[in-house]
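Listed below are the residues making up each chain.
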Amino acid sequence: MKKEQELMNRMIDYYMGDAARIQHFVKVYTFARTIGTGEGLDEHTMEILGAAALVHDIGIRIAEEKYGSCSGPLQEKEGPAEAEKMLRQTGYPEDVTARVCYLVGHHHTYTNMDGIDYQILVEADFLVNLYEDGSGKKGICNACRKIFVTETGKRICRTMFAIEDDETE
């Protein structure tokens, strides 16, 4: 948990002055940890998930500087190298760093999600993005039906947006 707190602080510093981005990754982190706990993840997977949730959007700043855009594919392209630097500075082991960088490089790819950590990161990011983007009920129901797999994630989505079970089936 000490490394995770240090990583949180590093990310807050990284996005100094950008309250919206800081708020975003803190919310994704909180939902990811909540879903991971609800799904009974082991400690190692939770370590990966927590770190990935904190740095998942680290490519935004570089993508904006290089391309004038922070689209999902550009975040996936630019994020892993920056995440790797920060994770190494924070003392994360190589296996955790490698998996987190993989997740950062795929968190906007919603096919072939290979692992519960990947699934939960995407669900947590969707929960926050659906709210922050002001998505309508139809879009929320569609996302809940097509993206959410975990029981905890589905429950949070349905409860947060007051969706009935039959609206997502």
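All of these numbers come straight from a predicted model, not from anything done at the bench.

The rules behind the values
Residues numbered from 1 in each chain as written. Predicted model: local features only at pLDDT ≥ 70, side-chain atom pairs only at ≥ 80, totals over all residues. Heavy atoms only, no water. Helix = DSSP H or I, 4+ residues; strand = E, 2+ residues; numbered from the N terminus. Buried < 20%, exposed > 50% of the residue type's maximum accessible area, 1.4 Å probe, protein only. Contact = heavy atoms within 4.5 Å. Polar contact = N/O pair within 3.5 Å; in protein donor to acceptor, adjacent residues only side chain to side chain. Salt bridge = Lys/Arg side-chain N within 4 Å of Asp/Glu carboxyl O.

Draft legend 1. Broad picture of the environment of M8. Relative to the elements of secondary structure, M8 occurs in helix α1 (residues 2-14). Residue M8 is classed as buried on the basis of its relative accessible area, which comes to 12%. With 17 residues separating them in the primary sequence, M8 and F25 have C-alpha atoms 9.2 Å apart. When near neighbours in sequence (up to four residues on either side) are disregarded, M8 contacts F25, V26, Y29 and L54.

Draft legend 2. Up close: the side chain of T152. Among the secondary structure elements, T152 is positioned in helix α9 (residues 151-160). A relative accessible area of 9% means that T152 is categorised as buried. There is a polar contact of 2.6 Å between the side chain of T152 and the side chain of E39. Sequence-distant contacts of T152, defined by excluding residues within four places in its chain, comprise T34, I35, G38 and E39.

Draft legend 3. Representation of the pattern of salt bridges in the model. Tallied over the entire structure, the rule returns 11 salt bridges. Between R10 and E6 there is a salt bridge; the shortest N-O distance is 2.9 Å. In this pair, R10 and E6 both sit in helix α1, 4 residues apart, roughly one turn of the helix. Judged by relative accessible area, which is 26%, R10 ranks as partly exposed. Under the relative-accessibility criterion, E6 is labelled partly exposed at 29%.

By themselves, these observations are geometric and do not establish any function.
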